[in-house]
Amino acid sequence: MKAISRRRSLPLTLGSMAALLAACNSRSVKAAAVKPEKERKNAPEFSLKDSQGRAAKMSDYKGKVVLLNFWATWCGPCKIEIPWFIDFEQRFKDRGFAVLGVSMDEDGWEVVKPYLESKKINYRVVIGNDQTADLYGGVSSLPTTFLVDRLGRIAGVHVGLVSKSVYQDDIEQLLDQKTSRAGEPAGTAPRAVRAG
Amino acid sequence: MLVSLLALPLGLFAQGNILTAVAPPRVTAQKNSVVTVKVAVQLRNGYHVNSNSPEDDYLIPLKLSWTSDPLLTEAVVYPAPKKEKYAFSQKPLSVFTGDFEIATRFKVPPAATPGLRVITAKLRYQACTHQECFPPKTVEVKLPVDIVN
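Rules behind the numbers
Residues numbered from 1 in each chain as written. Chains lettered and ligands numbered in written order. Predicted model: local features only at pLDDT ≥ 70, side-chain atom pairs only at ≥ 80, totals over all residues. Helix = DSSP H or I, 4+ residues; strand = E, 2+ residues; numbered from the N terminus. Buried ≥ 20, exposed ≤ 12 C-beta atoms within 10 Å, placed from the backbone. Contact = placed C-beta atoms within 7 Å. Expected span 1.5 Å × (residues − 1). Arc of directions from axis to C-beta. Bend = angle between axes of the 7 residues up to and from the residue. Pairing = 2+ DSSP bridges. Core = buried A, V, L, I, M, F, W, Y, C linked by C-beta atoms within 7 Å. Axes fitted to C-alpha atoms, helices over the stretch in contact; angles between N-to-C directions. Right-handed = clockwise from strand over helix to strand, strands pointing away.

Another aspect to go through is the overall build of chain A. Helix and strand content of chain A: eight helices and eight strands. Looking at the 196 residues of chain A, the share that counts as buried comes to 39%. For chain A, the share of sequence-separated contacts (at least 6 apart) that also reach a separation of at least 24 residues comes to 73%.

Residue and element names in this part refer to chain A. With 13 residues, helix α7 (residues 164-176) should cover 18 Å at 1.5 Å per step; its first-to-last C-alpha distance of 18 Å lies within 8% of that length. Every buried residue of α7 is listed here: Y167, D170, I171, Q173 and L174. The buried residues of α7 occupy an angular sector of 165° when the element is viewed end-on, so they sit on one face.

Counted at 1.5 Å a residue, the expected span for helix α4 (residues 76-92) of chain A with its 17 residues is 24 Å, and the 25 Å between its end C-alpha atoms agrees. Where α4 of chain A bends most, the angle comes to about 30°, and this point is I82 of chain A, followed within four residues by the proline P83 of chain A. All of the buried residues along α4 of chain A are G76, P77, C78, K79, E81, I82, F85, F88 and F92 of chain A. On its buried side, α4 of chain A packs onto β4 (65-71), β5 (97-103), α5 (109-119) and α7 of chain A together with β11 (127-128) of chain B.

Spatially, the four strands line up as an open sheet ordered β7-β8-β4-β11 (chain B), and their pairing is antiparallel. Because the sheet does not close on itself, it has two edges, and the strands there are β7 (82-84) and β11 of chain B.

Turning our attention to the environment of S53 of chain B. Residues and elements named next belong to chain B. Locating S53 in the fold gives a position in the loop between β4 (48-50) and β5 (63-67). Distance from S53 to P81, taken between C-alpha atoms, is 8.4 Å for residues 28 residues apart in sequence. With near-sequence residues (within four places) excluded, S53 lies in contact with P61 and S94.

Turning our attention to the nonpolar core. Membership of the largest hydrophobic core comes to 78 residues, with the highest contact counts inside it found for L67, F88, L142, V148 and I171 of chain A together with V39 and V49 of chain B. Looking at this core, the element that brings in the most residues is β4 of chain A, giving six residues. In this view, V148 of chain A contacts A43, V65, V66, L68, R153, I154 and A155 of chain A; residues no more than four positions away in its chain are not counted.

All names here are of chain B. The four strands are arranged β2-β12-β10-β5 in an open sheet whose pairing can be described as mixed. The two strands at the open ends of the sheet, each matched to only one other strand, are β2 (27-30) and β5. Neighbouring strand axes in the sheet, compared pairwise and without regard to direction, differ in orientation by 35° on average. Sheet analysis places β2 next to strand β12 (residues 137-148), joined by four bridges and oriented parallel. The residue of β12 that forms the bridge with T28 is D146.

A regular strand places its side chains on the two faces of the sheet in alternate fashion. All names here are of chain A. Note that β5 and strand β6 (residues 124-127) share four bridges and pair parallel. Bridged to S103 within β6 is I127. This β-α-β element, β5 to α5 to β6, shows right-handed connectivity.

For the rest of this paragraph, the subject is the environment of K49 of chain A. All names here are of chain A. Here K49 lies in strand β2 (residues 47-49). Between the alpha carbons of K49 and I127 there is a distance of 6.7 Å; along the sequence they are 78 residues apart. Not counting the four nearest positions on each side in its chain, K49 is found in contact with R54, A55, V126 and I127.

What follows covers unusual backbone geometry. The linkage connecting L142 of chain A with the following residue, P143 of chain A, adopts the cis geometry, with an omega of -5°. Its place among the elements puts P143 of chain A in the loop between α6 (130-135) and β7 (144-148). The peptide bond linking D69 of chain B to P70 of chain B adopts the cis configuration, its omega dihedral lying at 15°. With respect to the helices and strands, the residue P70 of chain B is situated in the loop between β5 and β6 (72-77). Phi is positive for K120 of chain A, which is not a glycine, with a value near 55°. Counting through the fold element by element, K120 of chain A comes out in the loop between α5 and β6. Even without being glycine, N32 of chain B reaches a positive phi, approximately 60°. Considering the arrangement of structural elements, one finds N32 of chain B in the loop between β2 and β3 (33-43).

Quick look at the structure:
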């Protein structure tokens, strides 16, 4: 945390801007998608039906790290991520992790159910709508993926296709993190600090 | 990547001006004839839309649909699609990019009443970049048609 504060206090000279740009390809910046705890806001609540007709709420996932993925069957980049999410669901489930897919398909289950079956999707999927998208800041391109910490707060967001390793770093960081309710410094510092 | 780091407001990615479609300002259509009209489509650099015949059933095709009364829509002719490979696709996709034209042949019935009409078309498309996709959108195109004897 201290390192982040120090970095923020630096004057934004051309040199520091160049360093920032150069760091865009580095692991340290890659992992910085996970925000410090004090900057996290609660993930908005919703209640949407899953493919079994059961209501899924964000509050159902308190205590778990959640990868909340807005996607659609017509979205090519989303298709690439699906096998990654299947893998994460399988690998991290026992550590208190879940993937929740929010399909933005206008045609609903008619197209989504066969797609889930064809891709052998092992995580929960609900059908979203404009209201859900608005709750999350007006999701207007896909994929858009939010990482939610164990206290139900948005710890990071990725808009567009990023790499599997970026997600994995984020997830592992959040799973390892000892969160505190009052937004006190976390037990595990963000990787951006450790690598920096 | 940088986008996700800075957590820019998502609204910035609205599909607003990704595609524009423009019909000629006015066409003259003689009764009992065939008229061809071209709609000019401009797609912003770096974006693509699925062609009218994407190979994957889940992809949303580009489609131009006219409400052309009293003209009869005989055929909508799309340009030849490009086959392009994207980071997210295992095989090349059938897409349109850049500037292209969609031609429509209208039959003007012999009994059409002379005068100025405005006919409309809806162009439905779904655009993506290499990294992200935007929800399907429909834009309306208006075409003033002067029917003459």
